[in-house]
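Structural characterization, general
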Amino acid sequence: MLLPPPSFDAAVEEDGRPTLYMDPVLGHNRTMYLDFVKSGISRGVFVAGKTRVEDVAVFFVAKKDERIRMVLDCRRANQRLQPPPPVSLFSAAGFSDLEVPKDAPLYFAGVDVQNAFYQHKLPAYLRPLFCLPAVTAGELGISRLDGRRVPPWARLYPQLAVAPMGWSWALYFVQKAHERVLDQYHALRPELRAVDFAPVPRPLSEPIHSLYVDNVL
């Protein structure tokens, strides 16, 4: 996944290093930032780590139900990685190709996986690519890490333990994982799945479905 060093150096030479956008409240209020990190660790979203390869920043966007969604600015980490492979989705344009027999009833059902990206654990070897601003062991109330004692002044990094929204590879991995789940069920097998740039399946006796990352229709 990593770019070879010459390609990374060339990308930095051409584009520079992005200035990451951090939520202004968390960026300027140390107490709130520490509370946020501790909450994230307790929920399994972050882990405390000693190593750092790249920085990320966190901000929030509004959801349709007036809650907020956490997004990570991963542009520096993305700069180190090759582009992910393409995935087969089904966009709104694909619905124009759907046909049903005249006077036949049409039924829809939908499933949305809640907090889908953050339910996918990030491998430990990738976590140093996604580090929030450093904290000390004392600020986190940590005296042992990985079975060893750490002094209160030890510098630690809140690393992402789950697939961050904002990571260039996140959509690919989540889509592929959910395809694998659906493939285990005969009624949701790949030949009944609608994707863009391919003929829509047209069985009359079985339902067809589409998968758009965390949404099944």
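Overview of the structure. (Residues numbered from 1 in each chain as written. Predicted model: local features only at pLDDT ≥ 70, side-chain atom pairs only at ≥ 80, totals over all residues. Heavy atoms only, no water.)

Take helix α3 (residues 30–42) next. Relative to the 18 Å expected for 13 residues at 1.5 Å per residue, α3 spans 18 Å between its end C-alpha atoms, a close match to the ideal helical length. For α3, every residue scored as buried is listed here: Tyr-33, Leu-34, Phe-36, Val-37 and Gly-40. Within α3, the buried residues cover an arc of 160 degrees as seen down the axis, which keeps them to one side. Residues Thr-31 and Ser-42 are exposed on α3 and point more than 90 degrees away from its buried face. Looking at where α3 begins, the residue whose side-chain oxygen comes 3.2 Å from the main-chain nitrogen of Thr-31 is Asn-29. Of the residues one or two after α3, Gly-44 is the one with positive phi, at around 85 degrees. (Helix = DSSP H or I, 4+ residues; strand = E, 2+ residues; numbered from the N terminus. Expected span 1.5 Å × (residues − 1). Buried < 20%, exposed > 50% of the residue type's maximum accessible area, 1.4 Å probe, protein only. Arc of directions from axis to C-beta. Polar contact = N/O pair within 3.5 Å; in protein donor to acceptor, adjacent residues only side chain to side chain.)

Let us now look at a nonpolar patch on the surface. Taken together, the side chains of Phe-95, Leu-98, Val-100, Leu-106, Phe-108 and Leu-217 make up a nonpolar region of the molecular surface, amounting to roughly 530 Å² of accessible area. Take Leu-98: it is sitting in the loop between α4 (75–79) and β4 (111–112). The partly exposed category is assigned to Leu-98, whose relative accessible area is 33%. (Patch = residues over 30% accessible without salt bridge, like charges linked within 9 Å, V, L, I, M, F, W, Y side chains within 5 Å. Areas by Shrake-Rupley, 256 points an atom, 1.4 Å probe, with all protein chains shown as cover. Salt bridge = Lys/Arg side-chain N within 4 Å of Asp/Glu carboxyl O.)

This part covers the pairing of strand β8 (residues 155–160). With 5 of its 6 residues buried, β8 lies for the most part within the structure. For strand β1 (residues 46–49) and β8, the ladder comprises 4 bridges, and the chain directions are antiparallel. The residue bridging Gly-49 from the neighbouring strand is Tyr-157, located in β8. Strand direction decides the pairing type here: strand β5 (residues 135–136) and β8, joined by 2 bridges, are antiparallel. Each residue of the ladder has a partner; that of Val-135, found in β8, is Leu-156. (Pairing = 2+ DSSP bridges.)

Turning our eyes to something else, we now look at the nonpolar core. Counting residues in each nonpolar core, the largest one holds 41 residues, and the members touching the most others are Leu-72, Phe-130, Leu-160 and Trp-167. At the level of elements, α3, β1, β2 (57–62), β3 (68–73), α5 (137–140), β8 and α6 (170–183) are the ones that each hand at least two residues to this core. Among the elements that take part in this core, α3 stands out by supplying 4 residues, more than any other. In this view, Leu-160 contacts Val-45, Phe-46, Val-56, Leu-72, Leu-122, Arg-127 and Phe-130; residues no more than four positions away in its chain are not counted. (Core = buried A, V, L, I, M, F, W, Y, C linked by side-chain atoms within 4.5 Å. Contact = heavy atoms within 4.5 Å.)

Inspection of the secondary structure puts Asp-23 in the loop between α1 (5–15) and α2 (24–28). The side chain of Asp-23 is buried and forms no salt bridge, while Arg-30, the nearest opposite charge, is found at 13 Å. In this structure the side chain of Asp-23 is engaged in a polar contact, spanning 3.0 Å, whose partner is the backbone nitrogen of Leu-26. If sequence neighbours within four positions are ignored, Asp-23 has contacts with Val-58, Phe-59 and Phe-60. (Lys, Arg positive; Asp, Glu negative; His and termini not counted.)

Geometry only, nothing functional implied.
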